[in-house]
Amino acid sequence: MLDYVFAMIPSKKNQLIILILLIIITVINGIIYIIIIPPWQSPDEPTHFEYVQLIADSKKISGSVTPNFFLQEQIISSMDHYHFWKYLGWPRPKPLPVKFEDTPFLRLVRAHTQIGIKPPLYYFISSLLLRICPQNSIIFKLYLLRSFSLLLTIVTVILIYLTARLIFPEDIYFPLAAAAFAAFLPEFILIGTSVSLDPMANLMSSLFIYLMIKLQLRGLRFHLLAVIVLVLIVSAFVTYKCLTLVPIFILGICVYLSFSPEAPRKWVRIVLTITCLLFVCVIGYSFLVWSNPRIAQIFIFKASDLHSKFLSLLSGDLHLATYYYPWFHNEVFKSFWIKFGWAMYSVNPVYYLILKVVSIISLIGVLIFLIKMLIIKSCVSSAVRRSILTLIISGAIAVIVYYWYWGLGARQVTAQGRHLFVSLPAWAILFVLGLRELSPEKYRVTLYFLLLICFILFDIVSIFGYMIPVFHS
């Protein structure tokens, strides 16, 4: 019945209508999140806001700003006004601190500053908004920055839709289901409507994956490679987490060279092109070290941390913290879907159980599709084969880097599945693809419709069953 109804509308018009409706619903959903989440109740909002405001006041693009304790006192007073401590289950400090570093909770979770720790691009761009309204209240500015984050999140959802449509252009409802995975993923929208650099990082990483898929489908073109490298550079200035995209880029090129029939004939030109682009990157980074060593220092510290961990693991000085892995795995999974209020609140365990079962079923479907794709050459085109392998690599690298950084050695850590959103297009497309593979072709439209309904229902349950009761009861 659904197939018949949808078939009544021409394909191209159908796709446009679907995309417009998806954008409208995502906007409405995002506005709801902005309204129901009290000020300062998204992870690291106080210090992200402080950094933006400091750059707006100083009108500097670099990370050379210094903390303003009067501003911190204002933010802490606002946090107290909006019951920050109550929602976290912490006793209200008496007397109220005037500095973030003197605030017990922020100091405990190591969120007392972002200055000199995070690259400044997000903060500089966001500061341009605050310069428009310098006299407005802190809360007005907070909601303005949240709205900016929502705009970035909407573009990210559109990019996921376009990426899925690149891979399966003939299956016009598959992109809708993949984009809906993100549009109604509670944790993604929660972070995507907060004052944070994550929405911009998610957008840049989604754009990167979109371009990588385009490369796999259209072939290695100099202009496309140049744009991808540019996106890599810009995304690194948003957050060092986007350095995860570098191995994805390298392995993605290897996939193209391995599975493209044209690659052997063009390998000299390909090697020269990549060498030239890498040389440009080296020159650019050298200029950064010369012009602003403080920003370059951020990347050096993070890269050296990963490098030292790897060497310590090989030498036996560092061991896998296997005793806390069961807890860690579970928390990463839960916080990928939804843990709100500084990751303090979960939903009913039955929802996570259902999500685990469905995720395992989807994984089985992806493995079946992968085996068919590699064994039966006529199953899909070589371009689709390369695209799916690139998505799998994207997801795998995101997990490996996250565990490499947070899962090695005994340390105090809070598992945050939101850091895996650097590969969100891969998670969304592969999740739907796995279920699609296990569904008979004649029922696929029905499957997409049911997935859409389930995504929306889970989002509604999270909002009205948990977030509103916690924050507004």
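Residues numbered from 1 in each chain as written. Predicted model: local features only at pLDDT ≥ 70, side-chain atom pairs only at ≥ 80, totals over all residues. Heavy atoms only, no water.

A. Broad picture of the overall build of the chain. Regarding its fold elements, the chain presents 20 helices and 0 strands. When contacts within the chain are restricted to residue pairs at least 6 apart in sequence, long-range pairs at least 24 apart make up 77% of them. (Helix = DSSP H or I, 4+ residues; strand = E, 2+ residues; numbered from the N terminus. Contact = heavy atoms within 4.5 Å.)

B. Summary view of empty space enclosed by the protein. Inspection of every chain in the model, using the stated rule, returns 1 cavity of 30 Å³ or more. By volume, the largest cavity is sized at about 30 Å³. Looking at the lining of the largest cavity, the elements with two or more residues in it are α2 (11-36) and α8 (138-167). If you tally residues by element for the lining of the largest cavity, the top one is α2, at 4 residues. Split by residue class, the lining of the largest cavity holds 6 nonpolar, 1 polar and no charged. (1 Å grid on protein atoms, 1.4 Å probe; cavity = no way out; pocket = protein on both sides within 12 Å on 5 of 7 lines; lining within 4 Å. Points joined across faces, edges and corners; volume = space filled by probe spheres on them. Nonpolar A, V, L, I, M, F, W, Y, C, P; charged D, E, K, R; others polar.)

C. Representation of the nonpolar core. The biggest cluster of nonpolar side chains holds 143 residues, and the ones touching the most others in it are Phe-208 and Ile-388. With 13 residues, the single largest contributor to this core is α8. If we ignore the near neighbours within four places in the chain, the residues touching Phe-208 are Ile-228, Val-231, Leu-232, Leu-245, Ile-248 and Phe-249. (Core = buried A, V, L, I, M, F, W, Y, C linked by side-chain atoms within 4.5 Å. Buried < 20%, exposed > 50% of the residue type's maximum accessible area, 1.4 Å probe, protein only.)

D. Spotlight on the pattern of salt bridges. Per the counting criterion, the structure on display carries 10 salt bridges. Note that Asp-44 and Arg-418 form a salt bridge whose closest N and O atoms lie 3.9 Å from each other. Of this pair, Asp-44 sits in the loop between α2 and α3 (45-58) while Arg-418 sits in the loop between α18 (382-406) and α19 (424-437), and the two are 374 residues apart along the sequence. Each member of the pair, Asp-44 together with Arg-418, is buried. In this structure, Glu-331 engages Lys-339 in a salt bridge whose closest nitrogen and oxygen atoms are separated by 2.6 Å. (Salt bridge = Lys/Arg side-chain N within 4 Å of Asp/Glu carboxyl O.)

E. Summary view of the packing of α3 against α8. Axis separation between α3 and α8 bottoms out at 11 Å; the angle between their running directions is 95°. Classified by the angle their axes make, α3 and α8 are roughly perpendicular. Seen from α3, the contacting residues are Glu-45, Phe-49, Val-52 and Gln-53; seen from α8, they are Ile-138, Lys-141, Leu-142, Leu-145 and Arg-146. Each residue belonging to the contact of α3 with α8 can be placed in one class, and the counts come to 5 nonpolar, 1 polar and 3 charged. (Axes fitted to C-alpha atoms, helices over the stretch in contact; angles between N-to-C directions. Parallel < 35°, antiparallel > 145°, perpendicular 65-115°, else oblique.)

F. Spotlight on the layout of surface pockets. Of the pockets and cavities examined, the second largest pocket occupies roughly 790 Å³. Only α16 (325-337), α17 (349-375), α18 and α19 provide two or more residues apiece to the lining of the second largest pocket. With 8 residues, the top contributor of residues to the lining of the second largest pocket is α17. In terms of residue class, the lining of the second largest pocket is built from 18 nonpolar, 5 polar and 1 charged.

G. Quick peek at the environment of Val-384. You can see Val-384 is positioned in helix α18. Classification of Val-384 as buried rests on a relative accessible area of 11%. Sequence separation of Val-384 and Ile-167 is 217 residues, and the distance between their C-alpha atoms is 6.0 Å. Ignoring sequence-local partners within four residues, the contact set of Val-384 consists of Ile-167, Phe-168 and Leu-217.

H. Quick look at the packing of aromatic side chains. Scanning all chains against the criterion turns up 31 aromatic pairs. An angle of 65° between the planes, with centres 6.0 Å apart, marks the rings of Trp-337 and Phe-431 as edge-to-face. Remark: Phe-431 occurs in helix α19 and Trp-337 occurs in helix α16; sequence separation between them is 94 residues. Exposure class is identical for Trp-337 and Phe-431. Each is buried. The structure contains a cluster of three or more aromatic residues connected by ring pairs, namely Phe-181, Phe-188, Phe-333, Phe-336, Trp-337, Tyr-351, Phe-421, Trp-427, Phe-431, Phe-455, Phe-458 and Tyr-466. Positioned above the aromatic ring of Phe-168 is the side chain of Arg-436, whose terminal nitrogen or guanidinium carbon lies 4.6 Å from the ring centre. (Phe/Tyr/Trp six-rings, centres within 6.5 Å; stacked < 30°, edge-to-face > 60°. Lys NZ or Arg CZ within 6 Å of the ring centre and 35° of its normal.)

I. Structural detail: helix α11 (residues 198-218). For α11, spanning 21 residues, the distance from its first C-alpha to its last is 30 Å, which sits close to the expected 30 Å at 1.5 Å a residue. The element α11 is extensively covered by neighbouring structure, given that 17 of its 21 residues are classed as buried. One or two positions beyond α11, positive phi appears at Gly-219, with a value near 100°. (Expected span 1.5 Å × (residues − 1).)

J. Expanded view of the environment of Leu-185. With respect to the element layout, Leu-185 can be found in the loop between α9 (174-183) and α10 (186-192). The spatial distance from the C-alpha of Leu-185 to the C-alpha of Ile-456 is 8.6 Å, given a sequence separation of 271 residues. In this structure, Leu-185 is in contact with Ala-180, Phe-336, Trp-337, Phe-421 and Leu-424, ignoring residues within four places of it in sequence.

K. Seen up close, the side chain of Lys-339. Here Lys-339 lies in the loop between α16 and α17. Since its relative accessible area comes to 10%, Lys-339 is described here as buried. At a separation of 3.5 Å, a polar atom in the side chain of Lys-339 contacts the main-chain carbonyl oxygen of Ala-343. Once you skip the residues sitting within four places of it in the chain, Lys-339 turns out to touch Glu-187, Leu-190, Glu-331, Lys-334, Tyr-345, Ser-346 and Tyr-352. (Polar contact = N/O pair within 3.5 Å; in protein donor to acceptor, adjacent residues only side chain to side chain.)

L. The arrangement of the environment of Leu-389 in detail. Tracing the backbone through its elements, the reader meets Leu-389 in helix α18. Overall, Leu-389 belongs to the buried group, its relative accessible area being 13%. Sequence-distant contacts of Leu-389, that is, excluding residues within four places in its chain, are made with Val-255, Phe-259, Leu-370 and Met-373.

M. Structural view of unusual backbone geometry. For the bond running from Lys-94 to Pro-95, omega is -5°, close enough to zero to count as cis. Although it is not a glycine, Asp-44 adopts a positive phi angle of roughly 65°. Under the relative-accessibility criterion, Asp-44 is labelled buried at 15%. Despite not being glycine, Ala-343 shows a phi value in the positive range, around 60°. Mapped onto the elements, Ala-343 comes out in the loop between α16 and α17. Ala-343 gets classed as buried once you look at its relative accessible area, which sits at 18%.

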